[in-house]
Amino acid sequence: MRTHWCGELRPAHAGQRVAVCGWVHRRRDLGGLVFLDLRDREGVVQVVCTPQQPAHAAAQQVRPEYVVRVVGEVVIRPPHTVNPKIATGEVEIRAETLEVLNPSRTPPFEVADGDDVDESVRLRYRYLDLRRERMQRNLRLRHRLAKATRDFLDREGFWEVETPHLIRATPEGARDFLVPSRLHPGKFYVLPQSPQLLKQILMVAGVERYFQLARCFRDEDLRADRQPEFTQIDVEMSFVDRDDVLSLVERLVGYLMREALGVDVPLPFPRLSYRDALLRYGTDKPDLRYGLTIDDVTEVAKAAELRLFREAEAVRCLRIPQAASASRREVEQWVTLAVEAGAPGVLHLALQPDGPKGPLAKHLTDGLLDSMRAATGAREGDLLLFVAAAGDVASAALGKIRQQVGAQRGLAREGTFAYAWVVDFPLLEWDDQEGRYVAVHHPFTAPVDEDVDLLESQPLRVRAKAYDLVLNGVEVAGGSIRIHRRELQERVFRLLGIGPEQAQERFGFLLEAFQYGAPPHGGIAFGFDRLVMVLAGEDTIRDVIAFPKTASAVDLMMGAPSEVDEAQLREVHIAVRKPAAP
Ligand code: ASP
C-alpha cells in the first residue's frame, strides 16, 4: 500500500511519485488549497491538495485521525514555506489521489497536542495516546534497549532461558498474586515476584550464563511509581565474584548507552559504600549529577557554646554554595522539608561578606568558624545548614534539602547520566513490625566472607555481597553474590526466623539442589521500565509501558480487574468473600 514512510521524505525524494499511508494529523482548508499533515510511525509530512486534482474533494471531507492513503509527487517547498520544526519540512507531497481507508470519530483529545491531557483519559484511550510522537519515541527506545541488551548478552555467551509464570512463591518482600488451580482444588500457583530461585537453579543446572527479559509480579501497596507487573533484565552467572558481575554490567550499560542514545558514559562507574551514601547524600540512591555533599561535623560542633550540638549523637552539615543571600522564604522551605523528613530542627549560618549571619552566628568563636570552614570547605557567600540528631536521621533530612536544591537550581541537568554503584549493604536489618531480622536484599544473598563469623553474635554488623546500580537518583539495578551451600543458607534462614521445617516446606527444592554440586554464582536484575524511563527523560514508568495500570492497579482501557462469572469461579473452586462495607 505504501512506497515510503511519511517521516522519511527528504529533498532527495523530489520528483518521485510516492504512496504514503497514515493518520490525518491536522487539516487546514485555505479555500482553494487544502493542506493535510499526514502522520505515520516515522513522522509527519505535509500533503497539498489543489482543486485540479481528484484528491481535493476527498480532502475536504477528512478530519483528524482519519486513516488515508495518498498518492502524489514529492516536491521541494518554496524557501519561505519551509518548516524547520519537522524533519520532512523541506518537502511536501502534491496529492493526486486521496483515499479514505477509515474515518474516525472526533477523538477525545487531539493526538497532535495531547501533552496536558488528563492521564486517566490517556489511559482509557491508550491507542490514541500511543499515537503521539512522544509515546512512539518511548516505545522505540524501549525496543532498541531490549534489542541491544539481547545482542550484547548473546555476544558475552549468555542464553536467554524462559522461566514459568505459574510457580511456587519466590519472595522478594511483596505480596504474591495467586492463581487458583482448577485441577487441584484448593491449591494455588503464585506469579513470580522475580525468577530469583529459578535462575539460581539454572546455575546448579550448569547453564553458567543466563539472562531473561523477565516479567515480575508484585502485589504491592499503592505507593510511588510502581506497577503490579513490570519487566527486569534478569542476569545470573556461575564462577564469578562481585567484580565480575559489576564489570559485565558496566560494559552492558556502556553498550546500551551508545547503541540506544549515542552517549558515551565513562567506565568504570564510581563505587560508594552504603554507609558513605547515607552519610554524604542522605540516601542509598543519590543523584550524582551534582556535588552538594553532607559533612559530618560532630566533633567540630562540640566546641560550640550550644548544648544542642554538644549533646547530639551527630551533627551533620549541608553546604549550599553561593546561597548566603537566599531569601527567608527559601530557607524556611528547606527547613520545613528537613523537619518533615524527621529532623528536630535546622540551624542555618550564612557566610555574608560582613560576617556570619543566622541563629548560629552568636555561638561561634573565630576559631570555631575556621574549623567549620575547614570541615565543610565553605567559602564566603555559602549557606551552611546544620541538623543535630541521630546520624542517619540528620543526613536523611539534609538529603531531602540537597535534592530540592538540585532541582531548584537546575543542577540535575536533563540529558546527563550519572551512574554509580552502591556496595557493602548490611545483610540484615531489624523489622520492628515483624519483630525479627529481615534481609536487606533477599534471603539468598551471601554475607561477606570476613563477616560470616558475626552472623549469630552481631548480625547487624554483617555486610552482604550485594550491590545496587543507581542512575540519576533512581535505583536501576540490584543484585548479589548468592549463598551456594546448604549449611550457610540454613543458617541465614534461621536468623530470618525461618525454621528448618518452614525452610524445607518453602525452599526445599533449592536446599536440595545445593547438595548436588551448586557452583558459586551471582547476578543482578535491572528494573527495565525504570531504566527506560530515566533514559527517555520521563518521570513515570507508565510513560514507557504500552499498557500500564493506574496507580491504583486498574487497567482503564480493558477494565481490569473485573468480576467473573459464577461458573468460572465454581470451576476453580472459589467462593468470593466481599469485604464488609467500611
Ligand atoms: N531477584 C532480585 C530482584 O528482583 C535481583 C537479583 O538479586 O538478581 O530484586
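Residues numbered from 1 in each chain as written. Predicted model: local features only at pLDDT ≥ 70, side-chain atom pairs only at ≥ 80, totals over all residues. Heavy atoms only, no water.

### A word on the site of the ligand
Heads up, the condition is: Whether a residue is near a molecule or strand depends on its heavy atoms: if one lies within 4 Å, it is near. Contacts described as polar in this section are N or O atom pairs within 3.5 Å, which, within protein, must combine one atom able to donate a hydrogen with one able to accept it, while residues neighboring in sequence count only if both atoms come from side chains. For the area figures, the Shrake-Rupley method with a 1.4 Å probe applies, and any residue is considered shielded solely by the protein chains shown. The helix count covers DSSP runs of H or I at least four residues long, the strand count covers runs of E at least two residues long, and both are numbered beginning at the N terminus. The nonpolar class holds Ala, Val, Leu, Ile, Met, Phe, Trp, Tyr, Cys and Pro. Asp, Glu, Lys and Arg form the charged class, and all remaining residues, Gly among them, are polar.
Taken together, 13 residues lie near the ligand, and E172, Q196, K199, Q232 and R482 sit nearest. Q232 is positioned with one of its side-chain polar atoms (N or O) 2.9 Å from an oxygen atom of the ligand. At 3.2 Å, a side-chain N or O of H441 approaches an oxygen atom of the ligand. Bound to the protein, the ligand loses 91% of the 270 Å² it would expose on its own. Counting only elements with at least two residues in the shell around the ligand, the list comes to α5 (196-204), β21 (474-481) and β22 (521-527). Partitioning the shell around the ligand into residue classes produces 2 nonpolar, 7 polar and 4 charged.

### Comments concerning the sheet that holds strand β16 (residues 383-389)
Test applied: Any two strands with at least two DSSP bridges between them are considered paired. The convention used is that axes are lines fitted to C-alpha atoms, helices contributing only their stretch in contact, and that angles between N-to-C directions extend from 0 to 180 degrees. By the convention used here, residues are in contact when the closest approach between their heavy atoms is within 4.5 Å.
Pairing in this open sheet of 5 strands is antiparallel, and the strands run β12-β13-β16-β14-β15 from one edge to the other. Of all the strands in the sheet, just β12 (294-296) and β15 (355-357) have a single pairing partner and so form its edges. Here the strands of the sheet are splayed against their neighbours by 25 degrees on average, with no regard to which way each runs. Bridging between strand β14 (residues 347-352) and β15 involves 3 bridges; their strand directions are antiparallel. If you follow Q352 over to β15, its bridge partner there is G355. Sheet contacts for helix α11 (residues 366-376): β12, β13 (314-320), β14, β15 and β16; angle to β14, the most-contacted strand, approximately 95 degrees.

### As for the layout of surface pockets
Put simply, the test is: The way it works is a 1 Å grid over only the protein atoms, where trapped points that fit a 1.4 Å probe form a cavity and open points with protein on both sides within 12 Å along at least five of seven lines form a pocket, and then any residue with an atom within 4 Å of a point lines it. Grid points are joined across faces, edges and corners, and a volume is the space filled by probe spheres set on the points.
Computed from the structure, the second largest pocket encloses a volume of approximately 790 Å³. In terms of lining, the second largest pocket is formed by 33 residues, of which the most central are H25, R39, G43, V44 and E133. Counting only elements with at least two residues in the lining of the second largest pocket, the list comes to β1 (17-30), β2 (33-40), β3 (43-49) and α4 (133-155). For the lining of the second largest pocket, the residue count by class is 8 nonpolar, 7 polar and 18 charged.

### Concerning the environment of V34
Relative to the helices and strands, V34 resides in strand β2. For V34 and Q60, which are 26 residues apart along the polypeptide, the C-alpha to C-alpha distance reads 7.2 Å. When residues no more than four places from it in sequence are discounted, the contact partners of V34 are R27, R28, D29, V47, V48, C49, H56, A59 and Q60.

### What to know about helix α7 (residues 274-281)
What counts here: Type-normalised accessible area, obtained with a 1.4 Å probe on protein chains alone, sets the label of each residue: buried when under 20%, exposed when over 50%, and partly exposed for intermediate values. In this description, one arc is meant: the one made by directions from the helix axis to the C-beta atoms.
Inspection of α7 places Y274, A277, L278 and Y281 among the buried residues, and these make up the whole buried set. The buried residues of α7 occupy an angular sector of 105 degrees when the element is viewed end-on, so they sit on one face. Check the buried side of α7 and you find it contacts β11 (271-273), β12, α12 (391-408) and β17 (419-423). G282, located one to two residues past α7, shows a positive phi value of around 75 degrees.

### So, the pairing of β1
Strand direction decides the pairing type here: β1 and strand β4 (residues 67-76), joined by 7 bridges, are antiparallel. Residue pairing for β4: V20 is matched across the bridge by V70. Bridge count between β1 and β2: 7 bridges; the pairing is antiparallel. Across the sheet, the residue bridging to V24 is L38, located in β2. Count of turn residues in the β1/β2 antiparallel hairpin: 2 residues, of which G31 carries a positive phi of about 75 degrees.

### Here we look at the packing of α4 against helix α15 (residues 528-536)
Put simply, the rule is: Each angle is binned into one of four classes, with values under 35 degrees roughly parallel, values over 145 roughly antiparallel, values of 65 to 115 roughly perpendicular, and all other values oblique. Each helix crossing is assigned a hand: it is left-handed if the near helix lies turned anticlockwise from the far helix by less than a right angle, otherwise right-handed if that turn is clockwise.
In the contact formed by α4 and α15, the axes pass within 10 Å of each other and the chain directions differ by 125 degrees. Between α4 and α15, the crossing angle belongs to the class labelled oblique. The interaxial crossing formed by α4 with α15 has right-handed handedness. Along the contact surface, α4 presents R137, N138, L141, R142, L145 and A146, while α15 presents F528, D529, V532, L535 and A536.

### Some words on α11
Along α11, the residues classified as buried are L368, L369, M372 and T376. For α11, the buried positions fall inside an angular range of 100 degrees around the axis, keeping them on one side. Counted as exposed and oriented over 90 degrees from the buried face of α11: D366 and A374. Among the structural elements, β12, α8 (298-301), β13, β14, β15 and β16 are those in contact with the buried residues of α11. Just downstream of α11, G377 is the residue with a positive phi angle, here 70 degrees.

### Here's the deal with the sheet that holds strand β6 (residues 159-160)
Spatially, 8 strands are ordered β6-β9-β10-β22-β21-β20-β17-β11 in an open sheet, and the strand pairing comes out mixed. The strands lining the two open edges of the sheet, one partner per strand, are β6 and β11. Two strands pair when backbone bridges link them, and strand β20 (residues 466-471) and β21 are joined in this way by 6 bridges, in the antiparallel orientation. By the bridge assignment, L469 is partnered in β21 with A477.

### Quick look at the environment of T81
Examined against the element boundaries, T81 turns out to sit in the loop between β4 and β5 (91-102). For T81, a relative accessible area of 31% corresponds to the partly exposed category.

### Some points on the nonpolar core
To keep things clear, this is the line we draw: For the purposes of this section, nonpolar cores are sets of buried Ala, Val, Leu, Ile, Met, Phe, Trp, Tyr and Cys residues that join through side-chain atoms within 4.5 Å.
Ranked by internal contacts, the top residues of the largest apolar core, which has 76 residues, are V235, Y419, W421, L469, F526 and L535. For this core, the leading source of residues is helix α6 (residues 242-261), giving 10 residues. Apart from the residues within four sequence positions on either side, W421 is in contact with L246, V249, E250, F269, P270, R271, L272, Y467, D468, L469 and I524.

### A closer look at the side chain of H4
Mapped onto the elements of the fold, H4 is located in the segment before β1. Its relative accessible area of 12% is what places H4 among the buried residues. At 2.8 Å, the side chain of H4 forms a polar contact with the side chain of T3. Discounting residues that sit within four places of it in the chain, H4 has contacts with L9, H13, Q16, V18, A19 and V20.

### Considering empty space enclosed by the protein
Within the structure shown, the criterion is met by 1 cavity of 30 Å³ or more. In this model, the largest cavity occupies a volume close to 40 Å³. Contributing to the lining of the largest cavity are L123, R126, A546, F547, P548, D555, L556 and M557. Of the residues belonging to the lining of the largest cavity, the class tally is 6 nonpolar, no polar and 2 charged.

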